[in-house]
Structures are given as C-alpha cells and as structure tokens.
Amino acid sequence: MSSLIKILIAFFLPPISVLMTHGFGIQFLFNILLCLLFYLPGSIHALYLLLSDR
C-alpha cells in the first residue's frame, strides 16, 4: 500500500491503521483509549507507530 494512503488512514482512522500495522494487541487497545479520550492523541500515536516502522 502506498505510504500516502497509510498516512491518511493513520490520520483519519487511527485504530484501523494500528490494527493493520501491529495487529490486535496492547498498541491497538492503547490507541482506542487515546481516540476515546480525544481524537488528536490517537492520530498522533498511529502516525508515530506507522513512521517508526521504517
């Protein structure tokens, strides 16, 4: 998948992005929690995980 598409998914649908890159685990649950508290930290966390894999 294109890097631009992955970044857009990470920004607009953070839990889906984390699920695609890291699977169902602690990072996914942590991202859901961040998104429930406030949307922006969940997006930042998903982008961080996506870009740190490189």
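As the structure is a computational prediction, the values presented were derived from the model and not from experiment.

Q: I tried to follow the overall build of the protein on my own but got confused; where do I start?
A: Check the secondary structure of the protein and you find four helices and zero strands. Written out in order from the N terminus, the α and β elements of the protein read α-α-α-α. The C-alpha atoms of the protein give a radius of gyration of 10 Å, which matches the 10 Å a tight globule of 54 residues would have. Considering only contacts within the protein whose residues lie at least 6 apart along the sequence, 48% involve residues at least 24 apart. When the accessible surface of the protein is split by element, carbon and sulfur atoms take 78% of a total near 3700 Å².

Q: What should I look at first to understand the packing of helix H2 (residues 14–22) against helix H4 (residues 39–52) in this one?
A: When two helices pack together, their arrangement is given by the angle between the helix axes and by the axis-to-axis distance. Two elements in contact, H2 and H4, have axes whose closest approach is 9 Å; the angle formed by their N-to-C orientations is 25°. Judged by the angle between their axes, H2 and H4 are roughly parallel. Here the hand of the crossing between H2 and H4 comes out left-handed. On H4, the residues touching Pro 14, Ser 17, Val 18, Thr 21 and His 22 of H2 are Tyr 39, Gly 42, Ser 43, Ala 46, Leu 49 and Leu 50. Split by residue class, the contact of H2 with H4 holds six nonpolar, five polar and no charged.

Q: Explain H4 to me, please; I cannot follow it from the model alone.
A: Look at H4: 20 Å from first C-alpha to last across 14 residues, which is about the 20 Å you get at 1.5 Å a residue. The complete set of buried residues in H4 reads Gly 42, Ser 43, His 45, Ala 46, Leu 49 and Leu 50. Axial view of H4: buried residues confined to an arc of 160°, hence all on one face. For H4, the exposed residues set more than 90 degrees away from the buried face come down to Ile 44 and Tyr 48. Along its buried surface, H4 packs onto helix H1 (3–12), H2 and helix H3 (26–37).

Q: Help me understand the nonpolar core in this model?
A: Side chains of nonpolar character tend, in soluble globular proteins, to be buried together. Counting six residues, the largest nonpolar core is built from Ala 10, Val 18, Phe 28, Ala 46, Leu 49 and Leu 50. Among the elements that take part in this core, H4 stands out by supplying three residues, more than any other. When near neighbours in sequence (up to four residues on either side) are disregarded, Ala 10 contacts Ser 17, Ser 43, Ala 46, Leu 47 and Leu 50.

Q: Mind showing me how you'd approach the side chain of Asn 31 here?
A: On the secondary structure map, Asn 31 appears in helix H3. The residues touching Asn 31, leaving out its near neighbours within four places in the chain, are Pro 14, Pro 15, Val 18, Gly 42, His 45 and Ala 46.

Cut-offs applied
Residues numbered from 1 in each chain as written. Predicted model: local features only at pLDDT ≥ 70, side-chain atom pairs only at ≥ 80, totals over all residues. Heavy atoms only, no water. Helix = DSSP H or I, 4+ residues; strand = E, 2+ residues; numbered from the N terminus. Rg over C-alpha atoms; globule rule 2.2 N^0.38 Å. Contact = heavy atoms within 4.5 Å. Areas by Shrake-Rupley, 256 points an atom, 1.4 Å probe, with all protein chains shown as cover. Axes fitted to C-alpha atoms, helices over the stretch in contact; angles between N-to-C directions. Parallel < 35°, antiparallel > 145°, perpendicular 65-115°, else oblique. Left-handed = near helix turned anticlockwise from the far one by under 90°. Nonpolar A, V, L, I, M, F, W, Y, C, P; charged D, E, K, R; others polar. Expected span 1.5 Å × (residues − 1). Buried < 20%, exposed > 50% of the residue type's maximum accessible area, 1.4 Å probe, protein only. Arc of directions from axis to C-beta. Core = buried A, V, L, I, M, F, W, Y, C linked by side-chain atoms within 4.5 Å.

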